[in-house]
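# Tertiary structure, described
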Amino acid sequence: MNSLRETEKSQLLERYAGKFEVRALEYGTVQDYCDSCDHLPWISRVQHDLKDSQRPWTVKAALGLSIPGSRLLEIGAGPPLVSGMLTELGYDLTIVDPYDGSAGGPAEFETFLQRYPDIRFVREQFTLHLPQLEGELFDGIFSVSVLEHVAEPALEGLFAAVAAHLRPGGCSFHSVDCVTQGNDAEYHLDQCLRIALYQSALAGERGPDKGWLRAFFNKADQDVETCYLSAAGHNLWRGAMPYATFPFRKVLSFQTVATRQLNGSNNWQASQSKT
């Protein structure tokens, strides 16, 4: 991504800062993607999969939830396109990512380090008790297409770290690839429910149950605006795998935002009994 011109920075701040409507639970739409292509083309036309929708949504969410100068942490960034853009827009960014090639992620750490000198990198998995983050609080913690890959009990540990490092009133916001029809759809429904419950617990609220979330995704299936992973995106992630073992299925972006409660105990450990 090329550096933003000052006029482009001003236009983005004017359009989205404090104005972007962010809901607790939503799914990516074609309308939002087209808006991104118009106003955030640098990160909406990169690899022809859901990240082209999720990355600009994340930038809009950051601008809508926090002001430039805020301290933000990205979990498992991979190529740091979102953090790089937010840094240019005046935010203070830390990335926590092992950059070891695990879970299909990149390993080009030295390249990213040189290309994004204003980002602070912590080359680790995001867990509790990282010495590099001891005592630090952030105004926002986010991820792009990461949480669907984090199984329990690691997911619980990840949200424990979010709770430990997110200041009261700060925001936890994430976009998640979710298969709604096809292979592993039931697993993805349960995984999104777990994520929604952890997010609700951060906010001190009661989360949805599985029936509600299933109805939410059924609504998405009937919504003409729902943005699904394209055939090109499926072929990209199929790689060398025969199509018969990686069949086309419906995959959308599940997007969730929670504001950490200001007072009281932070009971982030949501019960999993509903899954």
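Residues numbered from 1 in each chain as written. Predicted model: local features only at pLDDT ≥ 70, side-chain atom pairs only at ≥ 80, totals over all residues. Heavy atoms only, no water.

### Remarks on the overall build of the protein
Looking only at helices and strands, one finds ten helices and seven strands in the protein. The C-alpha radius of gyration computed for the protein amounts to 18 Å, which stays within 12% of the reference 19 Å derived for 275 residues, consistent with globular compactness. C-alpha extents for the protein along the principal axes are approximately 45 × 45 × 35 Å. By residue count, 52% of the 275 residues in the protein fall in the buried class. Accessible surface computed for the protein: about 12600 Å², of which carbon and sulfur atoms make up 51%. Mean positive and mean negative side-chain charge positions of the protein (24 and 34 charges, respectively) differ by 3 Å. (Helix = DSSP H or I, 4+ residues; strand = E, 2+ residues; numbered from the N terminus. Rg over C-alpha atoms; globule rule 2.2 N^0.38 Å. Buried < 20%, exposed > 50% of the residue type's maximum accessible area, 1.4 Å probe, protein only. Areas by Shrake-Rupley, 256 points an atom, 1.4 Å probe, with all protein chains shown as cover. Lys, Arg positive; Asp, Glu negative; His and termini not counted. Charge placed at Lys NZ, Arg CZ, Asp CG, Glu CD.)

### A closer look at the nonpolar core
Ranked by size, the top nonpolar core spans 37 residues in total, and within it Phe-126, Phe-159, Val-162, Phe-217 and Phe-254 carry the most contacts. If you list the elements that add at least two residues to this core, you get strand 1 (25–27), strand 2 (71–75), strand 5 (138–144), helix 7 (154–165), strand 6 (166–181), helix 8 (185–202), helix 9 (210–222) and strand 7 (250–259). For this core, the leading source of residues is helix 8, giving eight residues. With residues near it in sequence (within four places) discarded, Val-162 still touches Ile-75, Phe-126, Ile-141, Ser-172 and Leu-202. Listed in part, the 32 residues of the second largest apolar core include Leu-12, Ile-43, Ala-77 and Tyr-116. (Core = buried A, V, L, I, M, F, W, Y, C linked by side-chain atoms within 4.5 Å. Contact = heavy atoms within 4.5 Å.)

### Focus: the environment of Ser-175
Structurally, Ser-175 is set in strand 6. Judged by its relative accessible area of 0%, Ser-175 is buried. Those residues in contact with Ser-175 that lie beyond four places of it in its chain are Gln-54, Trp-57, Thr-58, Ser-143, Val-144, Ser-145, Val-146, Glu-148, Ser-253, Phe-254 and Gln-255.

### Re the packing of helix 8 against helix 9
Where helix 8 contacts helix 9, the axes come no closer than 10 Å and their chain directions differ by 115 degrees. Between helix 8 and helix 9 the crossing geometry is right-handed. Two secondary-structure elements touch here, helix 8 through Glu-186, Leu-189, Asp-190, Cys-192 and Leu-193 and helix 9 through Lys-210, Leu-213, Arg-214 and Phe-217. Here the residues of the contact of helix 8 with helix 9 are counted per class, giving five nonpolar, no polar and four charged. (Axes fitted to C-alpha atoms, helices over the stretch in contact; angles between N-to-C directions. Left-handed = near helix turned anticlockwise from the far one by under 90°. Nonpolar A, V, L, I, M, F, W, Y, C, P; charged D, E, K, R; others polar.)

### Some details on helix 8
With 18 residues, helix 8 should cover 26 Å at 1.5 Å per step; its first-to-last C-alpha distance of 26 Å lies within 8% of that length. In terms of residue burial, helix 8 counts as a mostly covered element, since 16 of its 18 residues are buried. Gly-204 sits one or two positions beyond helix 8 and adopts a positive phi of about 70 degrees. (Expected span 1.5 Å × (residues − 1).)

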